[in-house]
Amino acid sequence: MTNRRIDYESELNSAQYQAVTAGDGPILVVAGAGSGKTRTLVYRVAWLVEQGIAPGSILLLTFTRRAAGEMIARAASMLDHRCQEVVGGTFHWLANRVLHRYHKYLSLEPDFGIIDRSDSEQIINVLVGNLGFRDQHRRFPKKRTIVEIFSKAVNRAETLEQMLSREYGQFLQYQGQLSKLWEQYTTYKRQHHMMDFDDLLVYLNQLLREHRDVSLELSSQYNYVLVDEYQDTNLVQAEIVQALASFHQNVMVVGDDSQSIYSFRGAHFRNILDFPKLFPETKLFKLEENYRSPQPILDLANGIIELAREKYTKCLYTRKTEGPRPLLVRPADEGGQSEFVCQKVKELQLQGIPLREMAVLFRASYYSFDLEVALTRLGIPFVKYGGFKFIESAHVKDVLAHLRAWKNPRDRISWNRLLLLVSQVGNKRSQEIMNYLGQNKQSFRRLASYAKKLPTKHGLHRLVDLFEELAKPGLSVSQQVRAVRSYYEPILMTKFDDYPKRLRELDYLQDWTLKYERLTEFLADVALEPPSNNVPQDHPDSARDHLVLSTIHSAKGLEWRAVFLISAVEGRMPSSQAYADDEALEEERRLVYVAVTRAKEFLYLCSPNRVFDRGTGFRSVPLSLFLKHLPPGRYFHYEEKVAATGGADSGPELHEEASLSPGDAVRHPFFGRGNVVAVPDSLKVQIRFEDGRTRLLHLDYAPLERVGSIY
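Residues numbered from 1 in each chain as written. Predicted model: local features only at pLDDT ≥ 70, side-chain atom pairs only at ≥ 80, totals over all residues. Heavy atoms only, no water.

1. Focus: the overall build of the chain
Spelled out, the test is: Here a strand is any run of E in DSSP of at least two residues, a helix any run of H or I of at least four, and the numbering for each starts at the N terminus. Pairs of residues are marked as contacts when any of their non-hydrogen atoms sit within 4.5 Å. Residue burial considers only the protein chains on display, and all accessible areas are found by Shrake-Rupley using a 1.4 Å probe.
Scanning the chain from N- to C-terminus turns up 29 helices and 22 strands. Within the chain, contacts between residues at least 6 apart in sequence are counted, and of these 74% link residues at least 24 apart. Within the structure as shown, the chain displays about 31,800 Å² of accessible surface, and the carbon and sulfur contribution to it stands at 48%.

Structure representation (structure tokens):
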């Protein structure tokens, strides 16, 4: 194959070209929404290879294996096959690879397995039962919350006490028990040769920090490190990047601080802001030319993010200067909001825009329930994203449990799950069988021995037959999955009413395994990066045109011709929980920025005058604070569909120049009425509300109004 040369200067805009050809040393690319971030990384890979850099010495870290593969494939199609030798994957993939190679340095077993979140929850549940905490403490946190606490503490490099104090104050009284539980959880994983996702990163970071020879070897192996979506990294990942580049400083990170919205996963907003502090010689490039949206939508996005407290200042612009201005609609209530969306969707369809090119975005999944009812009533098909994960579904995890137990006979979590599926096997019998099997690789022979004691029609005999089938030499991964599926099908048909749909999804799982040569690789990929949708894009069931409903978090990185942002009101955008936390409020602002920059052509902002609250019934709500400071004529058209009685403007809202003093009576739309007890500074006020709780609110964000005395 003849090597091609790329004319980078003509194929990239000025900012992209400067970043791509910046040479050695640390590089930070702040890439605004729709500014060609991926294009810049792809051309950077090609440029490095064209400069004579060995492709195998280039490491591309992304948040999905698919993204890395696609970038490398694009670089190869632009340049030549050499780019296919570039090493690319996720942080967890890299950790899995490195830890298997250097396992002896940390006294790890070479055949350690990887457990997902639900496996961790099951282990925690067993340990809590063994310790008797649930019996002793009625309000002891649930298994899911415990795993969440442990994971957040690890990802944010905080102690258990710090994490409890920050986000889980109601469980501080159980700090001692949780500390003991965490210790036992860690011991359990070690004894059973398991790692959860957090362990992979922690152990990799430990390896790089404690063994400089390994760090030097890896840094010498990967002379150039590229990181995508750097704003979504956590503290541990940032330290890993620093260690990988410590001996050559050749690291390029690309991201957008204005799109940092995953703190609930442990992402640390300050990573991208502090990158120049970690690498003092950093060269900074800003990508501000947008290729997605017309200028009126970008003007709104710029206006929203302009008031962010900390940011890399940038101003998105485009050559598409003309386009419809965003429309802000204030219907009477959520029913009116749903009616507006349905009507507008039908109008856009008549204009030739397919449903799949339209999306309805929202802050939380349940904000779309009213709309879902309306869409169903009108026969408008839709698909919803956010929350549900394909691999987390019970039937898929059942199949995987059989494969994991087959590969790692010491995996008691998988053994317990698959045994409980067998008829006439309950918790007591399951524990009895596992104790009989022991902790060795002869488990399957011992299972057959145990089954001989049981009646011939006992379900355990079918399980023995399955493992004998899996033991046949020469079976492909797909054939192994098919064998488990055949065994599991009658169980599934009695366990779930919607078994036809679940059987189709198991067919998809089997098809997905065709590319794997070894079961170990398949199980590792499933644990590290499962397919995220219940039906893949190339599956026959996905061919039908659907309107997209999605949380904003799930919509990041996607785009549609028309976007509806619903429930843009105080208490929902931002959420009511964010008012007392400046950092949380800033992330809420970035969420709105992400939402509006998904639109390629049309943008509709829906802000009902009233919403229904289970505690108080219908209540009036103001327009989201992230929008109300923007003049309608300049940033969007405004339309009041139906005026609500006692609507958003029913009280005198405090302005910036207004001052409050201790004793003043105020009302907040969500916390209710209260009295000012302290004014720490000109921007903050401490209020004791009627529910007895005292809250510290920020006057720039808190929609307060003065009222008569309540005490």
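2. A word on unusual backbone geometry
This is how it is decided: A simple rule labels every residue: compare its accessible area, found with a 1.4 Å probe on the protein chains alone, to the largest value its type can have, and call it buried under 20%, exposed over 50%, or partly exposed in between.
In this structure, Pro-574 follows Met-573 across a cis peptide bond, with omega equal to 10 degrees. Relative to the elements of secondary structure, Pro-574 occurs in the loop between strand E13 (560–565) and helix H27 (582–596). In this model, Glu-229 sits at a positive phi of 50 degrees, which is unusual for a non-glycine residue. Looking at Glu-229, the relative accessible area reads 18%, which means it is buried.

3. Things to note about the side chain of Ser-258
Note that Ser-258 resides in the loop between strand E7 (251–255) and helix H14 (270–278). When residues no more than four places from it in sequence are discounted, the contact partners of Ser-258 are Ile-305, Lys-314, Arg-590, Tyr-593 and Val-594.

4. Looking at the environment of Asn-427
The residue Asn-427 is located in helix H20 (residues 427–437) in this model. On the accessibility criterion, Asn-427 (56% relative accessible area) is exposed. Along the sequence, Asn-427 and Arg-417 sit 10 residues apart, while their C-alpha atoms lie 9.9 Å from each other.

5. Remarks on the pattern of salt bridges
How we decide: By convention in these notes, a salt bridge is any Lys or Arg side-chain nitrogen within 4 Å of a carboxyl oxygen on Asp or Glu.
Under the counting rule described, the total for this entry stands at 36 salt bridges. Of the charged contacts in the structure, one is a salt bridge between Lys-37 and Asp-228, with a shortest N-O distance of 3.0 Å. Of this pair, Lys-37 sits in helix H3 (residues 37–50) while Asp-228 sits in the loop between strand E6 (224–227) and helix H13 (235–244), and the two are 191 residues apart along the sequence. You'll find Lys-37 and Asp-228 in the same group, each marked buried.

6. Section: the sheet that holds strand E12 (residues 547–551)
Put simply, the rule is: At least two bridges found by DSSP between two strands is the condition for calling them paired. Note on geometry: axes are C-alpha line fits, over the in-contact stretch for helices, and angles between N-to-C directions span 0 to 180 degrees.
Read across the sheet, seven strands follow the order E11-E12-E10-E13-E14-E9-E17 without closing on themselves; strand pairing throughout is parallel. The open sheet has two edge strands, strand E11 (382–385) and strand E17 (637–639), and neither has a second partner. Adjacent strand axes in the sheet meet at a mean angle of 20 degrees, parallel and antiparallel pairs treated alike.

7. Considering the packing of aromatic side chains
The condition is simple: In summary, the pairing rule links any two rings of Phe, Tyr or Trp, Trp by its six-membered ring, whose centres are within 6.5 Å, and it sorts them by plane angle into stacked for under 30 degrees, edge-to-face for over 60 and tilted for everything else. Remark: a charge is flagged as sitting over a ring if the NZ atom of Lys or the CZ atom of Arg is within 6 Å of the ring centre and within 35 degrees of the ring normal.
Enumeration according to the criterion identifies 20 aromatic pairs in this entry. Judged by centre distance (5.6 Å) and plane angle (65 degrees), the rings of Tyr-516 and Phe-522 are edge-to-face. Among the residues examined, Tyr-516 registers a relative accessible area of 11% and is labelled buried. By way of ring pairs, the aromatic residues Phe-340, Phe-564, Phe-602 and Tyr-604 are connected into one cluster. Just above the ring of Tyr-436 sits the side chain of Arg-446; from NZ or CZ to the centre is 4.4 Å. The side chain of Arg-590 reaches across the aromatic face of Phe-269, ending 3.9 Å from its centre.

8. Focus: H27
The cut-off we apply is this: What a helix should span is 1.5 Å times the count of its residues minus one.
For H27, built from 15 residues, the straight-helix expectation of 21 Å at 1.5 Å per residue is met to within 8% by its first-to-last C-alpha distance of 22 Å. The element H27 is largely enclosed, with a buried count of 12 among its 15 residues. Taken residue by residue, H27 has Leu-585, Glu-586, Glu-587, Glu-588, Arg-589, Arg-590, Leu-591, Val-592, Tyr-593, Val-594, Ala-595 and Val-596 as its buried positions. Each element contacted by the buried residues of H27 is listed here: helix H15 (295–306), strand E10 (358–362), helix H26 (552–555), E13, strand E14 (599–606) and helix H28 (625–628).

9. Some details on the packing of helix H6 (residues 117–131) against helix H10 (residues 175–191)
Defined as follows: The labels follow the angle: roughly parallel below 35 degrees, roughly antiparallel above 145, roughly perpendicular from 65 to 115, and oblique for the rest. For a crossing to be left-handed, the near helix must be turned anticlockwise from the far one by less than a right angle; the clockwise case is right-handed. When residues are sorted by character, Ala, Val, Leu, Ile, Met, Phe, Trp, Tyr, Cys and Pro go into the nonpolar class, Asp, Glu, Lys and Arg into the charged class, and all the rest, Gly among them, into the polar class.
For the pair H6 and H10, the least separation of the axes is 10 Å and the interaxial angle reads 120 degrees. With respect to H10, the axis of H6 lies oblique. Judged by the sense of rotation from one axis to the other, the crossing of H6 with H10 is right-handed. Counting all contacts with H6, which are made through Ser-120, Ile-123, Ile-124, Leu-127, Val-128 and Leu-131, the residues of H10 involved are Lys-180, Leu-181, Gln-184, Tyr-185 and Tyr-188. Taken together, the residues of the contact of H6 with H10 sort by class into eight nonpolar, two polar and one charged.

10. Observations concerning the sheet that holds E7
Here six strands make up an open sheet; going across it, the order is E3-E2-E6-E7-E1-E8 and the pairing parallel. Here the strands that pair on one side only, and so sit at the sheet edges, are strand E3 (87–90) and strand E8 (283–287). Direction aside, the axes of adjacent strands within the sheet are offset by 15 degrees on average. Sheet topology note: the E6/E7 ladder contains three bridges and is parallel. Counted as the bridge partner of Val-225 is Val-251 from E7.

11. Section: the pairing of E7
For E7, the buried fraction is high: five of the five residues fall into the buried class. Burial along E7 is two-sided: the face carrying Val-251, Val-253 and Gly-255 and the face carrying Met-252 and Val-254 are both buried.

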